[in-house]
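A structural walkthrough
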Amino acid sequence: MAAMLELKNFEYYYGNIHAVKGIDLYVNEGEMVTLIGANGAGKTTTLQTISGLTSPRGVRGEIWFDGKRIDKKKGNKITAMGLLHVLEGRHVFPQLTVEENLKMGSYLRRDGEGIKKDFQKVYDLFPRLLERKTQAAGTLSGGEQQMLAIGRAMMAAPKMIVLDEPSLGLAPIVVKGIFEAIKEINKRGTTILFVEQNSKIALATADRGYVMQTGEIVLTDSCANLAANEEVKKAYLGG
Ligand SMILES: Nc1ncnc2c1ncn2[C@@H]1O[C@H](COP(=O)(O)OP(=O)(O)OP(=O)(O)O)[C@@H](O)[C@H]1O
Ligand SMILES: [Mg+2]
């Protein structure tokens, strides 16, 4: 079976800066995969290129999603194909209410019944959002905004969601809840790739992982094996 997402010898250049130096990565349908690594490793660049958010001029190699080549496609085309990106730092619409933000997520859909069901799913998963559905998104806490950003992606009924640092700036207890929710979304059938600097929770949540270092993949394995690897422990898990 072909992978849902596949990068073949992917490279990225910001002008002369060679940010990603030829990586191979795949995510099978139904899988949950994490990409970990230190600051500046090229994780965000990789995710943003997958979603069509970087300049195509900097791209080398191939990116395939759902049987089609997407490395020269624009972000809106890729979204319409069913690949949703939850950005680093969240990006909700601050003036709109929680409910309006969620509705924005479904703007490409015409199946009213399905949309209604997905509202219910989001509120089941994040009861906080239901309590706050008429509140302006800009007044939500950081953790609630992250829930909303994830909920908004769910409202598009995507085949795949990619997330950049879902734990960024959140208290440990909130992080735990966010990852439980992401795991639940995956269990319900959405394929997931996420980038994380919190390697501990990343390796505890995903099925498989890639370790990235200065633009290269230096290691890939099941998360169980990565978490038990001495080098990974030393470099990313605090000993
Ligand atoms: N717009 C840009 N112009 C030039 N260089 C950039 C640009 N964006 C990123 N870079 C460089 O590319 C490299 C990879 O950055 P990237 O943001 O992908 O790393 P990252 O792994 O996501 O890091 P972090 O964990 O800090 O978020 C870094 O050296 C960064 O300085
Ligand atoms: Mg980043």
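Just above sits the structure.
What comes next concerns the included structure.

Rules used in this analysis
Residues numbered from 1 in each chain as written. Chains lettered and ligands numbered in written order. Predicted model: local features only at pLDDT ≥ 70, side-chain atom pairs only at ≥ 80, totals over all residues. Helix = DSSP H or I, 4+ residues; strand = E, 2+ residues; numbered from the N terminus. Rg over C-alpha atoms; globule rule 2.2 N^0.38 Å. Buried ≥ 20, exposed ≤ 12 C-beta atoms within 10 Å, placed from the backbone. Contact = placed C-beta atoms within 7 Å. Pairing = 2+ DSSP bridges. Core = buried A, V, L, I, M, F, W, Y, C linked by C-beta atoms within 7 Å. Axes fitted to C-alpha atoms, helices over the stretch in contact; angles between N-to-C directions. Near = placed C-beta within 6 Å. Nonpolar A, V, L, I, M, F, W, Y, C, P; charged D, E, K, R; others polar. Expected span 1.5 Å × (residues − 1). Arc of directions from axis to C-beta.

1. Some points on the overall build of the chain
Counting its secondary structure elements, the chain contains 10 helices and 10 strands. Computed over the C-alpha atoms, the radius of gyration of the chain is 17 Å, within 12% of the 18 Å expected from 2.2 N^0.38 for a compact globule of 239 residues. Reported as C-alpha extents along the three principal axes, the dimensions of the chain are approximately 45 × 40 × 35 Å. Taken across its 239 residues, the chain has 43% of its residues classed as buried. Across the chain, every contact between residues at least 6 apart in sequence was considered, and the portion connecting residues at least 24 apart equals 66%.

2. Some remarks on the sheet that holds strand β2 (residues 17–27)
Ordered by their spatial adjacency, four strands build an open sheet running β2-β1-β4-β5, and the pairing between neighbours is antiparallel. Pairing within the sheet leaves two strands with one partner each, and these edge strands are β2 and β5 (68–69). Strand direction decides the pairing type here: strand β1 (residues 5–14) and β2, joined by eight bridges, are antiparallel. Opposite Y12, over in β2, you have V20 as the bridge partner.

3. Some words on the nonpolar core
By size, the foremost hydrophobic cluster in this structure holds 65 residues, and its most contacted members are V122, L148, A153, I161, V162 and L193. Here this core gets six residues from one element, more than from any other, and that element is helix α6 (residues 142–154). Setting aside chain neighbours within four positions, we find A153 in contact with L84, V86, G105, P158 and I161.

4. Observations concerning the sheet that holds strand β10 (residues 216–222)
Spatially, β6-β7-β8-β3-β9-β10 is the arrangement adopted by the six strands of the open sheet, whose pairing is mixed. Whereas interior strands pair on both sides, the edge strands pair on one side only; in this sheet they are β6 (83–86) and β10. In this sheet, adjacent strand axes meet at a mean angle of 15° when their direction is disregarded. As paired elements, strand β3 (residues 32–36) and strand β8 (residues 191–196) share five bridges and run parallel to each other. Following the sheet pairing, I36 is matched in β8 by E196. Sheet contacts for helix α1 (residues 43–50): β3, β6, β7 (160–164), β8 and β9 (208–213); angle to β7, the most-contacted strand, approximately 150°. With respect to the sheet, helix α7 (residues 172–187) is in contact with β3, β7 and β8, its orientation differing from that of β8 by roughly 155°.

5. Section: the site of ligand 1
Surveying the vicinity of ligand 1 reveals the residues Y14, I17, A19, G37, N39, G40, A41, G42, K43, T44, T45 and Q197. Considering each element in turn, the shell around ligand 1 owes the most residues, three residues, to α1. For the shell around ligand 1, the per-class residue count stands at four nonpolar, seven polar and one charged.

6. Brief notes about α7
With 16 residues, α7 extends 22 Å between its outermost C-alpha atoms, agreeing within 8% with the 22 Å of an ideal straight helix rising 1.5 Å per residue. Among all positions in α7, only I178, F179, I182, I185 and N186 are buried. With its buried residues spanning 115° around the axis, α7 presents them on a single face. With respect to the buried face of α7, the exposed residues turned more than 90 degrees away are I173, E180 and K187. Phi for G189, located one or two positions after α7, is positive at around 120°.

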